[in-house]
Amino acid sequence: MLPKMRYRLALDLGSTSLGWAMLRLNANDEPCALIKVGVRIFSDGRNPKDGSSLAVTRREKRLMRRRRDRLLKRKQRMMALLKKHGFFPAGEAERKALETLNPYALRAKGLDEALTPAEFARALFHINQRRWL
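Since the structure is predicted, the reported quantities are computational estimates derived from the model, not experimental observations.

The subject of this paragraph is the packing of helix α1 (residues 56–84) against helix α4 (residues 117–130). Relative orientation of the contacting elements α1 and α4 amounts to 160 degrees, with a least axis distance of 10 Å. In this view, α1 runs roughly antiparallel relative to α4, as classed from their interaxial angle. Here α1 and α4 pass one another in a crossing that is right-handed. For the pair α1 and α4, contact is made by L71, R74, K75, M78, M79 and L82 and by A121, L124, F125, N128 and Q129, respectively. Counted by class, the contact of α1 with α4 contains 7 nonpolar, 2 polar and 2 charged residues.

Rendered as structure tokens:
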């Protein structure tokens with residue numbers, strides 16, 4: 001029976017390149033032969049004309065998607081909490097009827113007198129929709 005051949009893969013990871021070599025090892029685990037080598041050079045990733053990153057447009061679109069997703073999740077969580085604690089009605093039609101109430105008028109009214117739970121929830125939901133972060 002023939003002895004097993006032993007190999008080692010050597011990698012050189014650079015910022016714009018990847019080098020590799022396949023080495024054969026002897027019985028003492030020392031390199032004894034170079035089987036194959038190669039290198040892969042990557043492009044710079046910047047616009048050659050002005051040096052700006054090529055990922056800027058992708059990043060901006062990704063940030064817009066994340067902002068939209070966060071807004072939708074925040075609205076969904078707020079709606080679930082308001083329904084759970086009895087501020088918003090559970091029925092869709094009753095909640096739609098609350099959308100006709102002017103939230104700014106409700107917020108002003110809340111400064112001088114007590115709001116009903118549904119009015120308070122409408123004003124609070126409006127604040128939640130308009131927050132920045």
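Anyway, onward from the coordinates.
On to the nonpolar core. In this structure, M78, L82, F88, L98, A121 and F125 together form the largest nonpolar core, which totals 6 residues. Elements supplying a minimum of two residues to this core: α1 and α4. In this structure A121 touches L82, F87 and F88, once residues within four positions along its chain are discounted.

On to the pairing of strand β2 (residues 17–25). In this sheet, β2 lies alongside strand β1 (residues 6–13) in antiparallel orientation, the contact comprising 8 bridges. Considered in β2, the bridge of A10 is made with A21. Once β1 ends, the chain turns through 3 residues before running back antiparallel as β2. In the sheet, β2 pairs with strand β3 (residues 31–41) via 9 bridges, with the strands oriented antiparallel.

The full count for this structure, using the stated rule, is 2 aromatic pairs. Measuring from ring centre to ring centre gives 5.7 Å for F87 and F120, while their planes differ by 50 degrees; the resulting arrangement is tilted. Of the two residues, F87 sits in the loop between α1 and α2 (92–98) while F120 sits in helix α4, which places them 33 residues apart along the sequence.

Moving on to the environment of Y7. Along the polypeptide, Y7 turns up in strand β1. Sequence separation between Y7 and I35 is 28 residues; the distance between their C-alpha atoms is 9.2 Å. Apart from the residues within four sequence positions on either side, Y7 is in contact with M22, L23, R24, L25 and I35.

We now examine the sheet that holds β3. Reading across from one edge, β1-β2-β3 is the order of the 3 strands in this open sheet, with antiparallel pairing throughout. Both edges of this open sheet fall to β1 and β3, since each of them pairs with a single strand only. Across the sheet, the mean angle from the axis of one strand to that of its neighbour is 15 degrees, orientation sign disregarded.

What counts, and where the lines are drawn
- Residues numbered from 1 in each chain as written.
- Predicted model: local features only at pLDDT ≥ 70, side-chain atom pairs only at ≥ 80, totals over all residues.
- Heavy atoms only, no water.
- Axes fitted to C-alpha atoms, helices over the stretch in contact; angles between N-to-C directions.
- Helix = DSSP H or I, 4+ residues; strand = E, 2+ residues; numbered from the N terminus.
- Parallel < 35°, antiparallel > 145°, perpendicular 65-115°, else oblique.
- Left-handed = near helix turned anticlockwise from the far one by under 90°.
- Contact = heavy atoms within 4.5 Å.
- Nonpolar A, V, L, I, M, F, W, Y, C, P; charged D, E, K, R; others polar.
- Core = buried A, V, L, I, M, F, W, Y, C linked by side-chain atoms within 4.5 Å.
- Buried < 20%, exposed > 50% of the residue type's maximum accessible area, 1.4 Å probe, protein only.
- Pairing = 2+ DSSP bridges.
- Phe/Tyr/Trp six-rings, centres within 6.5 Å; stacked < 30°, edge-to-face > 60°.

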